[in-house]
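Residue-level structure breakdown
These are the residues of each chain, in order.
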Amino acid sequence: HHELVKEVVSLDRSQDYEAAIQLLTDQPQKELGQELGIILAMSYMAQYDEYTTDPSIVKAIAILQKVIQQFKQREIVETEKSPSGDTDALEHIKFWKAFAQMQMGWANELNGNSINGALLTRKGALEMGQLRDNTDAQALHAIYEYYLGGITSKLPWMEDQRDEHLKVILKGIDSSEYFSDLFRTTAIWIYYDRKE
């Protein structure tokens, strides 16, 4: 589904959410899969964020709830097949499950459930942080840590590591296949907030 994901991401970037959603919902349901389900939910969330269409956020949350449960089941099956937990399939499942949790956190925040949203985002981000060999996971974890650092760095006993997190985000721009735009947009807003 590589080319399909790239096309949907391009449509979302140009704010043609209806076309992105249509492209994914036209796929046979059995071929959509959990990964494309997350991309579909992201399109619904982007549409909601742009136009505040309530059905969009409801659809996104429903998709993400289903996808997270499916990934949890896949993770159990894969772990039983390989108890050492070092297979590429298991790493793939862990990445997408954590990504879905982060998206669910954002969807909950958009829908007014801030505490639940923050907890889900944190859970997904911490799981991303454990995927050390995955550049996308590290950059997504760095986004979370950067913004958390904006709060915790004001505490005298906490070290401000936001510059290190920004470097990881910038690395993600150059090396990510699907999320370069997400990392680039994040970096732009970081520099804007810093008045740089």
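Just above, that's the structure.
Residues numbered from 1 in each chain as written. Predicted model: local features only at pLDDT ≥ 70, side-chain atom pairs only at ≥ 80, totals over all residues. Heavy atoms only, no water.

Regarding the side chain of Glu75
Its place among the elements puts Glu75 in helix H4 (residues 54-81). Among the polar contacts made by the side chain of Glu75, one reaches the side chain of Lys97 at a distance of 2.6 Å. Look past the residues within four positions of Glu75 in its chain and what remains in contact with it is Leu90, Ile93, Lys94 and Lys97. (Helix = DSSP H or I, 4+ residues; strand = E, 2+ residues; numbered from the N terminus. Polar contact = N/O pair within 3.5 Å; in protein donor to acceptor, adjacent residues only side chain to side chain. Contact = heavy atoms within 4.5 Å.)

Here's the deal with the side chain of Asp136
By the element assignment, Asp136 lies in helix H7 (residues 135-152). Of the side chains with opposite charge, Lys171 lies nearest to the buried Asp136, which makes no salt bridge, at 10 Å. (Buried < 20%, exposed > 50% of the residue type's maximum accessible area, 1.4 Å probe, protein only. Lys, Arg positive; Asp, Glu negative; His and termini not counted. Salt bridge = Lys/Arg side-chain N within 4 Å of Asp/Glu carboxyl O.)

Re a negative patch on the surface
Taken together, the side chains of Asp86, Asp88, Glu91 and Asp133 define an acidic patch exposed on the protein surface. Residue position: Asp86 is located in the loop between H4 and helix H5 (88-110). Judged by its relative accessible area of 60%, Asp86 falls in the exposed class. (Patch = residues over 30% accessible without salt bridge, like charges linked within 9 Å, V, L, I, M, F, W, Y side chains within 5 Å. Areas by Shrake-Rupley, 256 points an atom, 1.4 Å probe, with all protein chains shown as cover. Charge placed at Lys NZ, Arg CZ, Asp CG, Glu CD.)

Here we look at the packing of aromatic side chains
Within this structure, the stated rule accounts for eleven aromatic pairs. Judged by centre distance (5.4 Å) and plane angle (90°), the rings of Phe95 and Trp96 are edge-to-face. The burial state of Phe95 is the same as that of Trp96; both residues are buried. Aromatic pair Phe95 and Phe179: ring centres 6.3 Å apart, planes at 45°, arrangement tilted. With a gap of 84 residues between them, Phe95 in helix H5 and Phe179 in the loop between helix H8 (162-175) and helix H9 (180-193) connect regions that are remote in the sequence. Residue classification places Phe95 among the buried residues on the basis of a relative accessible area of 5%. What makes Phe179 buried here is its relative accessible area of 4%. Ring pairs connect the aromatic residues Phe95, Trp96, Phe99, Tyr178, Phe179 and Phe183, which therefore count as one cluster. Its end group placed over the ring of Tyr146, Arg162 keeps NZ or CZ at 6.0 Å from the ring centre. (Phe/Tyr/Trp six-rings, centres within 6.5 Å; stacked < 30°, edge-to-face > 60°. Lys NZ or Arg CZ within 6 Å of the ring centre and 35° of its normal.)

Things to note about the environment of Ser114
Locating Ser114 in the fold gives a position in helix H6 (residues 114-129). Ser114 sits in the partly exposed class, given a relative accessible area of 47%. Considered as a pair, Ser114 and Val8 are 106 residues apart in the sequence and their alpha carbons are 28 Å apart. Not counting chain neighbours up to four residues away, the residues in contact with Ser114 comprise Asn108 and Glu109.

Looking at a nonpolar patch on the surface
Taken together, Tyr147, Trp189 and Tyr192 make up a surface patch of nonpolar side chains, about 390 Å² in accessible area. With respect to the helices, strands and loops of the structure, Trp189 is situated in helix H9. Of the residues examined, Trp189 reaches a relative accessible area of 48% and is grouped as partly exposed.

Brief notes about unusual backbone geometry
Even without glycine at this site, Gln15 takes up a positive phi of about 65°. Among the secondary structure elements, Gln15 is positioned in the loop between helix H1 (2-13) and helix H2 (17-25). With a phi close to 60°, Lys195 is a non-glycine residue in the positive phi region. Taking relative accessible area as the criterion, Lys195 reaches 78% and is therefore assigned exposed.

With respect to the packing of H4 against H5
Their axes nearest at 9 Å, the elements H4 and H5 cross at an angle of 155°. With respect to each other, H4 and H5 are oriented roughly antiparallel. Considering only the axes of H4 and H5, their crossing is left-handed. Here the residues of the contact of H4 with H5 sort into 14 nonpolar, five polar and six charged. (Axes fitted to C-alpha atoms, helices over the stretch in contact; angles between N-to-C directions. Parallel < 35°, antiparallel > 145°, perpendicular 65-115°, else oblique. Left-handed = near helix turned anticlockwise from the far one by under 90°. Nonpolar A, V, L, I, M, F, W, Y, C, P; charged D, E, K, R; others polar.)

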